[in-house]
Every structure is written in structure tokens, then in C-alpha cells.
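Okay, here's what each chain looks like letter by letter:
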Amino acid sequence: MTRLKQKTLFPFLFVLALGPLSSFAQYEADQGERFYQLKCGRCHVAYLPQKYTIEEWKTIVREMGQLAGLDKKGEEDLLGYLEREAARSEKRGLPTSPVLAGYLYTEYFSSKNSVDTFDMHYLNINLSGRLHERVSYRAEFELEHGGGKAEPPFVEQAYIDVRLVRNMAVRIGAMLTPFNRFDEFHGPLENFLVNRPQMAREIGVSAWKDVGIDIHGSLFFGNKFYVNYDVYAINGLGAGTRLRESRQYLDNNDAKSLGFRLSGVLADRWEAGFSYQRGAWNGAGDYDLTMTGVHFLGKVGELSLFAEYSRALSENPAPTGRGKASGYFVQASYIINRKFRPTIQYGTLDYLDNGALLGRKPTDFDTKALALGMNFYLTQMIVFKAEYDIIGEGARKTKIANDLFALQAAVRF
Ligand code: HEC
């Protein structure tokens, strides 16, 4: 390379290098605790550093660091902090020992229009680990309603993440579909209520795991803003009687569903995102399902805000018109003394699909629900919830006595 070329390249490389280096230059290394809370306490409580060994933390930070927008220095500082804190406990890990985690919860539901019941709703066991500098995995097993014949145990997630470059990885396998945020937040600590918003059950389709490939990562713009992205190809929803019943592991057609999710995160407090997905749902692969979503998350002191909107359009064979579904929820939650968390949520679901052909049953939901919840946290990982849902019907429906009272006891381990 000639000297001239080197000279012209140099400033260019310098500017390139400055970008990532300038990210998060604002925090200071000795503010470990505050930095940890800021970065890792946005979507769930920042778990106690003593919970895992430093080797386990390395695995976790590898995975969560991208969600939290950690650059190289941020990751090193955070691990330094966790290492100092984790060293206080006696635990010793193998260099690549898997992290064992999970949750379980039991609920009680009472409503006029259905049988009152206890429900051993979920037992989820989660293993994640690193096997190589660039390769990590997550395997999550779920037993719903106690398992058995009707609900055999199944794989909720099983994927391999291959890091291509810093802040960019390709995920291969069964994953929670990157559509809006609620699906990832359906666990008992991330979802502050007992129930899920109707719209997130029926359109976002929580929990929606699908098989495919997802390129994900983060892009930094200055030190206050970063963007998380996902671009993916999956089997997509199939020809079930409604969207929720259309989840599948193996595809029913040759066409893959393509989608993306973009979320901008400002000052580690505000997140706004857009999701889009399109793919054929029927066996012949000629009727498309298109889904769009918008989500918003915010944190102001002890107040957490969460809102989502989803919309789905389903092409149907003539003479049936297009199936349409849309809905939203808005939620505000406040934590008092790290012990009590009152939550209020309002949500709607308007879902009309007359696609009775090709196996689809006519679907008609028209609901508006107000949920009032109160949680008590004995510790970070143990929660008792009580909730009352006032469920109203839209213009297409007649009023029924379907208000719901729900209790939940949950632990994460
Ligand atoms: C964008 C939201 C988000 C951010 C930011 C985030 N997490 Fe998480 N985290 C999650 C979700 C969702 C789960 C539940 C995953 C599951 O159960 O599949 C989780 C689970 C965990 C767990 C439980 C163990 C496991 O693997 O399931 C640990 C520990 C954890 N996160 C640590 C961290 C740390 C450390 C950071 C900061 C570097 C962080 N998280 C930032 C969303 C987030």
C-alpha cells in the first residue's frame, strides 16, 4: 500500500474506531452497581450477582448483553463488577458450565362463566451455555398444566447462536418469534399480571415459538441510543383453526415467512419498536398472512410503562373476505419498596375471520378488558399475585358474566 493511500485511510479508520469507542463513554467503571441496574434492570429485576458463578455470568452476559446494548468496554466493566460480587459466594463453575434456570407457577381462576380451578400452569426448565468463543445455545423445556396426555412436555426454545461479529449473531433453531415484545415477557416475573393481554394471546400469539433462522444484533448511534434488530425466516403460522392454533414446528407449505423487528432504545429507559411479518398460511402456499406490530416500553423511576399494538390480515379463498384482527394494550405498573406492585392494564381485541374454508374455523373475538393487579414480592424471585379482570364485549357481542378473579404463586430459580 502506498504512503498516500495509508494517509487517506488513516482518518477514515480513526472515525470508524471512534464510533464504538465513544459509546457509553459517560459512565465510570466504579459505578458498577448503577451501571448494572441501568443495563440489566430494565426488562426484569437485575438478578443478585451471587446467584451465578462468574463463568455462568459470562454465558448470560453474552446473551443478554445484546438486548441491553453493551459495547465491548461495557461488557468488560459489567463482568468485572459481577466477578467482584460473585466472588463473595462459594460457587465454582466449569469454564463452559451451562446456566440452569427456570420458573414454575400455579394459579387459581374464578369466573361466573367457567369452572373455578387451580391450575399448575407452567413448569419451565432452561439450560443455556457457551461451547465455543462464538457459539452458545439455549434449551427450554415446558410442562404445561402438569403435562400428561393432553399436554405432553415440549420444547419452548432450542437454538444455537453463532456470533458473526461483535453485536451480530445468527440464531438457528426453535425460538420465540421476534414479533413485538410481550411474547418474550410471558414469564411470571416479566409479565406483571397473572393473565396475558387478549391481543398478545391471539395475535402476537404468545407463546409463539417457531423454527428458522434469525440474524439479530444491535447498532449504536452515539452513547444514548441503540437499535436492536432481528431479520428472520421461519416456517410461519399454518392453517390452524385460528392464529393461536396455527403454531407449528414443521411447515405445511414450501413458502417461508419473512419478518423483521426493529427497536430503538434511548437512555436505557425508553424503547419503541416496529415488527413486520409475512408468509403463506395454507398448504398450497398461496394465501398470505401479514402481521404488523408496534411496541413501547418505558421506565420513569419506579413506574414501568408497556404498550403494544398488533394487526393481522389473512388472505382467504373467494368468496370469503379477508380475515382481520387487531388489538392493543396499555399498561402502567409501579413498584413500592421493591415489595408491592400495583398494575393496571387496558386491552382490546377485535378479531373477525370468516375463513371457514381450508380448515379455518370462523373466529370472532370482540373484547375490551381492564385488569387490576397487585403483586407481592417476598424476594426478587418469589411473587404472589392477585388480579381482577373486568371483561367487556364490543358491539358484535352480547354481554356475559365473564369477569375473572385470578391468583398466582410463582418462583424463578
Ligand atoms: C430487552 C429486555 C432484557 C434486557 C435488557 C435484559 N434481559 Fe435478561 N432476560 C430477559 C428475558 C425476556 C428473560 C427470560 C428468558 C426466558 O425465560 O426465555 C431474561 C432472563 C434473564 C436471566 C435468567 C436466566 C435465563 O437465562 O433465563 C438472567 C440471569 C438475565 N436475564 C440476566 C440479564 C443481564 C445480566 C442483563 C444485562 C446485561 C439482562 N438480563 C438484560 C430480557 C432482558
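The structure reproduced in this document is the subject of the present report. Numbering of residues begins from 1 in every chain and follows the order in which that chain's sequence is written. Given that the model is predicted, a residue must reach a pLDDT of at least 70 before its local features are reported, and side-chain atom pairs must reach 80 or more before they are shown or counted; all residues, however, enter totals for whole chains, interfaces and linings. Water and hydrogen atoms play no part in the side-chain values, which are based on all heavy atoms of the structure.

## Comments concerning a nonpolar patch on the surface
Under the convention used in this document: The patches reported here contain residues having more than 30% relative accessible area and no salt bridge. Joining distances are 9 Å for like charges and 5 Å for nonpolar side chains (Val, Leu, Ile, Met, Phe, Trp, Tyr). To measure how exposed things are, a 1.4 Å probe is used in the Shrake-Rupley method; for residues, cover is taken only from the protein chains shown. By definition here, a salt bridge exists when the distance from a side-chain nitrogen of Lys or Arg to a carboxyl oxygen of Asp or Glu is within 4 Å. Working definition: helices are DSSP H or I runs of at least four residues, strands are E runs of at least two. Numbering for both runs from the N terminus. A 1.4 Å probe rolled over the protein chains alone gives each residue an accessible area, and that area as a share of the maximum for its type sets the label: buried under 20%, exposed over 50%, partly exposed in between.
Taken together, the side chains of Leu219, Phe221, Phe225, Leu266, Trp270, Phe296 and Val300 define a hydrophobic patch exposed on the protein surface, amounting to about 600 Å² of accessible area. Elements represented by at least two residues in the nonpolar patch include exactly β6 (209-221) and β10 (288-300). As for its position among the elements, Phe296 is in strand β10. On the basis of relative accessible area, Phe296 is assigned to the partly exposed category, the value being 31%.

## Focus on unusual backbone geometry
Note the cis peptide between Ser206 and Ala207, where omega equals -10 degrees. Looking at where Ala207 falls in the secondary structure, it is placed in the loop between α5 (198-202) and β6. Cis geometry marks the peptide bond from Ala318 to Pro319; its omega dihedral reads 5 degrees. Structurally, Pro319 can be placed in the loop between β11 (303-314) and β12 (323-334). The backbone of Asn167 shows a phi angle near 65 degrees, a positive value even though the residue is not glycine.

## Description of the coordination of the iron atom of the ligand
So the rule is basically this: Metal sites are built from N, O and S donor atoms within 2.8 Å, or 3.2 Å for Na, K and Ca, and they leave out water, so they may look incomplete. Any site counts as irregular unless it has four donors with all angles between 85 and 135 degrees, making it tetrahedral, or four or six donors with opposite ones more than 155 degrees apart and the rest between 65 and 115, making it square planar or octahedral.
Those protein atoms acting as donors to the iron atom of the ligand are His44 (NE2) and Met64 (SD), and they sit at 2.0 to 2.3 Å. Metal-centred angles of 85 to 178 degrees between the six donor atoms at the iron atom of the ligand mark the site as octahedral. With His44 in the loop between α2 (32-40) and α3 (54-67) and Met64 in helix α3, the pair connects residues that are 20 residues apart, well separated along the chain. On the basis of relative accessibility, which here comes to 30%, the residue Met64 falls in the partly exposed class.

## Some remarks on empty space enclosed by the protein
Formally: Buriedness for pockets is judged along seven lines, at least five of which must meet protein on both sides within 12 Å for an open set on the 1 Å grid over protein atoms alone, while cavities are sets there where a 1.4 Å probe fits but cannot get out, and lining residues have an atom within 4 Å of a point. Grid points are joined across faces, edges and corners, and a volume is the space filled by probe spheres set on the points. In this count, Pro and Cys sit with the nonpolar residues alongside Ala, Val, Leu, Ile, Met, Phe, Trp and Tyr, while Asp, Glu, Lys and Arg are called charged and the others, Gly among them, polar.
Evaluated as defined, the whole model comprises five cavities of 30 Å³ or more. Volume-wise, the second largest cavity comes out at about 50 Å³. In terms of lining residues, the second largest cavity is bounded by Leu243, Leu289, Ala312, Leu313, Ser314, Gly323, Lys324, Ala325, Tyr351, Asp353 and Arg360. Elements with a minimum of two residues in the lining of the second largest cavity: β11, β12 and β13 (340-353). Split by residue class, the lining of the second largest cavity holds six nonpolar, two polar and three charged.

## Considering the pattern of salt bridges
Under the counting rule described, the total for this entry stands at 23 salt bridges. Put simply, Arg42 and Glu271 hold a salt bridge, and the shortest N to O gap is 2.8 Å. Of this pair, Arg42 sits in the loop between α2 and α3 while Glu271 sits in strand β9 (residues 270-280), and the two are 229 residues apart along the sequence. Of the two residues, Arg42 and Glu271, neither departs from the other in class, the shared state being buried. Residue Glu75 pairs with Arg166 through a salt bridge whose shortest N-O separation is 3.2 Å.

## Considerations on the packing of aromatic side chains
Stated precisely, the cut-off is as follows: Stacked, tilted and edge-to-face pairs are distinguished by plane angle, under 30 degrees for stacked and over 60 for edge-to-face with tilted covering the rest, among Phe, Tyr and Trp rings (Trp via its six-membered ring) whose centres lie within 6.5 Å. Lysine NZ or arginine CZ positioned within 6 Å of the ring centre and within 35 degrees of the ring normal marks a charge as sitting over the ring.
One pass over the structure, following the stated rule, counts 20 aromatic pairs. Taking the centre distance of 5.6 Å and the plane angle of 40 degrees together, the rings of Tyr36 and Tyr81 count as tilted. Here Tyr36, found in helix α2, pairs with Tyr81, found in helix α4 (residues 72-86); they are 45 residues apart in sequence, far enough to count as distant. Tyr81 gets classed as buried once you look at its relative accessible area, which sits at 6%. Relative to Tyr226, the ring of Phe220 lies with its centre 6.1 Å away and its plane at 50 degrees, an arrangement referred to as tilted. Pairwise contacts between aromatic rings join Tyr36, Tyr52, Trp57 and Tyr81 into one cluster. Here Arg171 stacks its cationic end above the ring of Tyr159, 3.9 Å away from the centre of that ring. Against the face of Phe192 rests Arg341, its NZ or CZ located 3.7 Å from the ring centre.

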